[in-house]
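Read off the chains here:
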Amino acid sequence: MTKLQFPLDFVWGSATSSYQIEGAYDEDGKGESIWDIFSHTLGKINNNDTGDVACDHYHRYKEDIELMKEIGLDSYRFSISWPRILPNGKGEINQKGLNFYKELVDQLLEAGIEPVITLYHWDLPQALQEEGGWANRDTIKYFVKYAEVLFDELGAKVSQWITHNEPWVVSFLGYAEGEHAPGIKDRKQALQVAHNLLVSHGLVVKKFRELDLTGDIGITLNLTSVYSYSETDKDQEAAQLMEEYINGWFLDPVFKGSYPKKLAQIYENQFGKIDIQAGDMDLISQEIDFLGINYYSRALINYNPNSKFYGIESIKPAESDYTAMNWEIYPDGLYDLLTKLNQEYTNKPLYITENGAAFDDQIIAGQVNDQRRINYLKEHFKSVYRAIQDGVPVRGYYVWSLMDNFEWAYGYSKRFGLIYVDYNTQKRTLKDSAYWYQQVIEENSIGID
Ligand code: GAL
């Protein structure tokens, strides 16, 4: 067996987010978030599941850190629930909520696990939603204040910060498709939200620099590699538009200080101008320390005049393998994406802040044999390895997810974890993939046949 050896300082981690695992939705002074409201609205979530209890991580974090230790994680990426810190989104600080994260960080550090904090992984305080949420520019200043509270409290201990997780999902699934909280279907509003999220990212980075903190700050985008189904002009144009829609709409502002031209024109013709103020693009494109990438699948695109979205149609090849989300398994896409980012956008360090797969795991006699997840991870690690060999500065990798959890509109029906969670008893069981990952981390290499 050949071993592919990773760089000595390569970071092996795993990721979660607050609403998906914490539960304790109304405890210790926490305010409501838009996801509390959304999941409590009948018909929004598969099986009407909610995050009220989730993995009960709020009460079981010590046990969960023990499991991280057992796997051997170098680092753990989690997010902070804004309404736990500021129940109304602004104003009074909820000390108990803050204490939870201070304790979590201390315990992680004691366990030798580097904490990476995402400031916003979608659980906006409902009180701010009532004032328009991210469509209202005022939310930006409250976000900066919230970030400042955390920088003051945790800035000396936490060395890696992520402003936003997947602003594309927040804007377009939350405000255009209505599949996610707050469940709005208004594409113009979604474009304003996307812009406001980006401005808030810029202002938080600026604040971070002003405070002279020693750590690093960046943003996590959901990115995919886009391919044209054929060589025809029509297909290639559709693929190019998809590239602008899914990747460029956030990459271009962050690294080039402008929106992708073609799609920007289409949007403007259709919806008119959104509110972009003087200085916004400079704020958005100021220097960051790293880029976080969430990669799950590719997009294979052809032109279909009947498609409701500018002729863009996504093809799902029959011969491919798919996860339980019906996402095509396409590890080469990660290699293509990493090299493209490095060539076209940035030579800053790159982190895979999420990658992983849902399968219909079964627990049998206390064991979860998830060979398909092992294969998925191994193939994606190989792509990361190839990119590193080619000189792309990929510095770390976080499996999504540490444990099975609340998969947004899918509720608990999709299991992404390295750890199996029995939601009736809250018993955690390491899946075979967790033991496999343990060995990868220990040897800092993957074995290939
Ligand atoms: C990402 C998201 C995660 C997780 C994952 C799997 O979009 O950041 O919270 O749900 O997808 O679908």
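Values in this document were obtained by computation on a predicted structure and should not be read as measured data.

A few words on the overall build of the chain. When you go through the chain residue by residue, the secondary structure sums to 15 helices and 15 strands. Taken over the C-alpha trace, the chain has a radius of gyration of 21 Å; the compact-globule value for 449 residues is 22 Å, and the two agree within 12%. Sorting the 449 residues of the chain into buried and exposed places 61% on the buried side. Summing over all exposed atoms, the chain offers an accessible surface of approximately 17,600 Å²; the carbon and sulfur share of this is 45%. A gap of 2 Å separates the mean positions of the 42 positive and 67 negative side-chain charges of the chain.

A few words now on the UniProt feature "binding site: substrate" (unreviewed entry) in the chain. UniProt marks Gln-20, His-121, Asn-165, Tyr-296, Trp-400, Glu-407 and Trp-408 with the feature "binding site: substrate" (unreviewed entry), using the numbering shown here. On the secondary structure map, Tyr-296 appears in the loop between strand S8 (290–294) and strand S9 (299–303). Accessibility expressed as a relative area gives 13% for Tyr-296, which makes it buried. Not counting residues within four places of it along the chain, the set of residues in contact with Tyr-296 comprises Trp-327, Glu-328, Glu-354, Asn-355, Gly-356, Tyr-376, Trp-400 and Phe-416.

Our focus in this paragraph is the site of the ligand. Near the ligand, the surroundings consist of 13 residues, among which Gln-20, His-121, Asn-165, Glu-166 and Glu-407 are the closest. Contact between the ligand and His-121: an oxygen atom at 2.9 Å from a side-chain N or O atom of the residue. Separating an oxygen atom of the ligand from a side-chain N or O atom of Asn-165 is a distance of 2.9 Å. Protein burial of the ligand: of its 310 Å² of free accessible surface, 94% is covered by the chains. For the shell around the ligand, a count of residues per class yields six nonpolar, four polar and three charged.

Ordered by their spatial adjacency, eight strands build a closed barrel running S2-S3-S4-S5-S6-S8-S11-S12, and the pairing between neighbours is parallel. The mean inter-strand angle of the sheet, taken between neighbouring strand axes irrespective of direction, is 25°. Bridge analysis of strand S5 (residues 160–165) against strand S6 (residues 216–222) gives four bridges, and the strand direction is parallel. Along S6, the bridge assignment pairs Trp-161 with Ile-217. Each of strand S3 (75–79) and strand S4 (114–120) touches helix H5 (residues 95–110); the most contacted strand, S3, lies at about 170° to it. Its contacts with the sheet put helix H10 (residues 233–256) on S6 and S8, and the angle it makes with S6 is roughly 160°.

Conventions and cut-offs
Counting restarts for each chain: residues are numbered from 1 in the order of the written sequence. In view of the model being predicted, local features appear only for residues whose pLDDT reaches at least 70, and side-chain atom pairs are presented and counted only at 80 or more, with totals across whole chains, interfaces and linings using the full set of residues. With hydrogens and water set aside, each side-chain value is computed from the structure's full complement of heavy atoms. Think of it this way: any DSSP run of H or I at least four residues long counts as a helix, any run of E at least two long counts as a strand, and we number them from the N terminus. We compute the radius of gyration from the C-alpha atoms alone; for a globule the expected value is 2.2 Å times N to the 0.38, where N is the number of residues. Relative accessible area decides the class of each residue, using a 1.4 Å probe on protein chains only: under 20% of the type maximum gives buried, over 50% gives exposed, and in between gives partly exposed. Only the protein chains shown count as cover for residues, and all accessible areas are computed by the Shrake-Rupley method using a 1.4 Å probe. His is not counted, nor are the chain ends; Lys and Arg add positive charge and Asp and Glu add negative charge. A charged residue contributes its charge at one atom only: NZ of Lys, CZ of Arg, CG of Asp or CD of Glu. UniProt positions are given in the numbering used here, feature names are shortened, and annotations may be inferred rather than shown by experiment. Only heavy atoms matter for contacts: two residues are in contact if any of them lie within 4.5 Å across the pair. Residues are counted as near a molecule or strand when any one of their heavy atoms sits within 4 Å of it. Here a polar contact is taken to be a pair of N or O atoms separated by no more than 3.5 Å, where protein atoms must pair a possible hydrogen donor with a possible acceptor and residues adjacent in sequence count only if both atoms sit in side chains. Polar here means any residue other than Ala, Val, Leu, Ile, Met, Phe, Trp, Tyr, Cys and Pro, which are nonpolar, and Asp, Glu, Lys and Arg, which are charged; Gly is therefore polar. What makes two strands pair is DSSP finding at least two bridges between them. Helix axes use the C-alpha atoms of the stretch in contact, all axes being lines fitted to C-alpha atoms, and the angles between their N-to-C directions lie in the range 0 to 180 degrees.

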